[in-house]
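Breakdown of the fold
One letter stands for each residue in the lines below.
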Amino acid sequence: MCLAVPGQILSIEQADDPLLRSGRVDFGGVVKVVNLAYVPEAEVGDYAIVHAGFAISRLDEAEARAVLKEIAALEDIADEIS
Amino acid sequence: MKYLDEYRDAASVKALADAIAGRQTRPWTLMEVCGGQTHSIVKHGLDRLLPPSLSLIHGPGCPVCVTPETIIDQALELAARPDVIFCSFGDMLRVPGSQHDLLTVKARGGDVRMVYSPLDALNLARENPERQVVFFAVGFETTAPTTAMAVLQAQRFGVRNFSLLVAHVRVPPAVETLLSAPDNRVNGLLAAGHVCAVMGYTEYEPIAARFRAPIVVTGFEPLDILSGVLNCVEQLEEGRAEVENRYGRAVTREGNRPAQALMDQVFEPVTLSWRGLDAIADSGLGLRPEFAEFDAVRRFELSAPGTASAGPCRSGDVLTGRLKPFECPAFGTACTPEHPLGATMVSSEGACAAYYRYRRDAA
Ligand code: SF4
């Protein structure tokens, strides 16, 4: 039940009440309406982690790249040794 | 898909596993706190890529699994009422109470419905004004803000036929309890990434310092988990015990402030008994007095929960890392996902279910 998955925000509907801010989010082809009240900074095109109908965190592309780069560096070291 | 496939790359998995083996000079035991991580570890066989002297043990990381039998019994009582539509996440439907489970109540005519979001339950209440709609609010700090929002919306829009049976749990007090146990053998922890997405990780800083145990915020994909393990091993080998974040794409130190604010507005910490862990101070969330009208226990004047019976299930030992699922005598014989004896076999994130599904040959 805690499964939370990344999806891309396709559109945002601004409501008068900030509790009702919502948007359409694409999970690899499956599109669902998600409450976006907890990610007021998220914009169309951003990726967000969605859990139980709510986006709980916007994904940071620069941080994602940084970790993958560090891991790629480990691979290079392994290649050099072998 | 973006943010998933890149974190499953086989060559990178191998490089990380090699790096861990290269860093480790002594045996260490790490605990992953979250059932989603347990599932990923067992599914991808990550533990088998690690040196044998590095053990991963599974913590109490599934809110379905730790919900006490006594609260399940309250759920069964509510779900059997003819005036009630009882809503729950799917995992809860098959968790046994002292007599039976929610599916049994449904089969006997109870109106039990599965929902994906507390907002779905709120919508049911709006669509069925003549019925009472009760949402079974379970989950860690990842889920609590979603429940808080449903309560606030119900209040704002005057939805009077909506209430909650609350069994939300908080992770840090449970982690503290585990680390304080006299027989604790956990050297370092992988903290649950999505709980931290909401809460940040400042709560873990005093815990890491007090127990001299590194705590690493970790995601759910194979590379996330191995990179969390590598960081934990590096810290242990260097004699450090800090909180570090290996899930920076989703987690910041302060977490999700708007979600925390709404959670605080609606809930306050309360003492709760966890299945397998007994009562832990401040480890549950209860509705604040201002929201008492949404408390199903009050609304339906439910009797106080009784005491739990001691059955054959050893999930308490599984949830505290004392027992591997296949070491339980009932595993795979008397207890299977079709006929579960305990919550850890029911929930898709329970450790027993993960081993049953991916690792039946390990016994
Ligand atoms: S195998 Fe079944 S009986 Fe044994 S601990 Fe797991 S859930 Fe309980």
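Quick notes on the rules
- Residues numbered from 1 in each chain as written.
- Chains lettered and ligands numbered in written order.
- Predicted model: local features only at pLDDT ≥ 70, side-chain atom pairs only at ≥ 80, totals over all residues.
- Heavy atoms only, no water.
- UniProt positions renumbered as here; feature names shortened; annotations may be inferred.
- Contact = heavy atoms within 4.5 Å.
- Buried area = accessible area lost by both parts, 1.4 Å probe.
- Salt bridge = Lys/Arg side-chain N within 4 Å of Asp/Glu carboxyl O.
- Polar contact = N/O pair within 3.5 Å; in protein donor to acceptor, adjacent residues only side chain to side chain.
- Helix = DSSP H or I, 4+ residues; strand = E, 2+ residues; numbered from the N terminus.
- Nonpolar A, V, L, I, M, F, W, Y, C, P; charged D, E, K, R; others polar.
- Buried < 20%, exposed > 50% of the residue type's maximum accessible area, 1.4 Å probe, protein only.
- Near = heavy atom within 4 Å.
- Pairing = 2+ DSSP bridges.
- Axes fitted to C-alpha atoms, helices over the stretch in contact; angles between N-to-C directions.
- Phe/Tyr/Trp six-rings, centres within 6.5 Å; stacked < 30°, edge-to-face > 60°.
- Lys NZ or Arg CZ within 6 Å of the ring centre and 35° of its normal.

Taking an unreviewed UniProt entry as the reference, chain B is identified by name as Hydrogenase maturation factor belonging to Methylocaldum marinum. What UniProt states about chain B under its Sequence similarities (unreviewed entry) heading is, verbatim, "Belongs to the HypD family."

Going by what an unreviewed UniProt entry lists, chain A is known as Hydrogenase assembly chaperone HypC/HupF and is assigned to Methylocaldum marinum. Quoted straight from UniProt, the Sequence similarities (unreviewed entry) entry for chain A says "Belongs to the HupF/HypC family."

Attention now goes to the interface of chain B and chain A. Taken residue by residue, the interface counts 49 residues in chain B and 37 residues in chain A. Buried area between chain B and chain A, summed over both chains or domains, comes out near 3,600 Å², and the portion from carbon and sulfur atoms is 69%. Applying the counting criterion to the chain B and chain A interface returns two salt bridges. Arg156 of chain B is the partner of Asp17 of chain A in a salt bridge, and the nearest nitrogen-oxygen pair spans 2.7 Å. Counting every contact that joins chain B to chain A gives 11 residue pairs in polar contact (both at pLDDT 80 or more). Among the secondary structure elements, those contributing two or more residues to the side of chain B that touches chain A are helix H1 (10-23), helix H4 (63-66), helix H7 (118-127), strand E5 (132-139), helix H8 (144-156), helix H10 (193-199), helix H12 (222-237) and helix H13 (257-266) of chain B. A total of seven residues in the side of chain B that touches chain A trace back to one element, the largest contributor, which is H8 of chain B. Broken down by class, the residue content of the side of chain B that touches chain A amounts to 30 nonpolar, 11 polar and eight charged.

A separate point is the environment of Met92 of chain B. All names here are of chain B. Here Met92 is to be found in the loop between strand E3 (84-88) and helix H6 (102-107). By relative accessible area, which is 1% here, Met92 ends up buried. Residues Met92 and Leu102, 10 residues apart in the sequence, show an inter-C-alpha distance of 7.6 Å. The contact partners of Met92, leaving out residues within four places of it in the chain, are Val64, Thr67, Ile72, Leu102, Phe136 and Val138.

All names here are of chain B. In the vicinity of the ligand, 13 residues are found, and the nearest of them are Cys313, Cys328, Cys335, Thr344 and Cys352. Breaking the shell around the ligand down by element, the ones donating at least two residues are helix H15 (315-319) and helix H16 (343-346). Broken down by class, the residue content of the shell around the ligand amounts to nine nonpolar, three polar and one charged.

On to the pattern of salt bridges. Residues and elements named next belong to chain B. Counting across every chain of the model gives 22 salt bridges over all chains. Here Glu244 ties to Arg240 by a salt bridge, and the two come within 2.9 Å at their closest N and O atoms. We classify Arg240 as partly exposed; its relative accessible area is 27%. Across the pair Arg288 and Glu268 runs a salt bridge, and its minimum N-O distance is 3.5 Å. Within this pair, whereas Arg288 is found in the loop between strand E11 (278-287) and helix H14 (296-299), its partner Glu268 is found in strand E10 (residues 267-274), the two being separated by 20 residues in sequence. Residue classification places Arg288 among the partly exposed positions, given a relative accessible area of 24%. Overall, the relative accessible area of 26% leaves Glu268 in the partly exposed class. Sharing partners across several salt bridges, the network here consists of Arg23, Glu234, Glu238, Arg240, Glu242 and Glu244.

All names here are of chain A. Of note in the backbone geometry, Ala52 takes a positive phi value of approximately 50° without being a glycine. Tracing the backbone through its elements, the reader meets Ala52 in the loop between strand E4 (47-51) and strand E5 (54-58). Residue Ala52 is classed as buried on the basis of its relative accessible area, which comes to 12%.

Now for the sheet that holds strand E2 (residues 54-58) of chain B. All names here are of chain B. With parallel pairing, five strands are arranged side by side in an open sheet as E2-E1-E7-E8-E9. The sheet is open, and its two edges are formed by E2 and strand E9 (243-245), each paired on a single side. For this sheet, the mean inter-axis angle between neighbouring strands, taken without regard to orientation, is 25°. Of the strand pairs in this sheet, strand E1 (residues 28-32) and strand E7 (residues 188-192) are connected by three bridges, and their pairing is parallel. Its bridge partner being in E7, Met31 is matched across the sheet by Leu189. Sitting on the sheet, H12 is in contact with E1, E2, E7, strand E8 (215-218) and E9, with an inclination near 165° to E8.

Residue and element names in this part refer to chain B. As enumerated under the stated definition, the model contains seven aromatic pairs over all chains in all. Taken together, a centroid distance of 6.2 Å and an interplanar angle of 75° make the contact between Phe220 and Tyr247 edge-to-face. Of this pair, Phe220 sits in the loop between E8 and H12 while Tyr247 sits in the loop between E9 and H13; the two residues are 27 residues apart in sequence, bridging distant segments of the chain. Of the two residues examined, Phe220 and Tyr247, each falls in the buried class. The ring of Tyr7 carries the charged tip of Arg249 above its face, separated from the ring centre by 3.6 Å.

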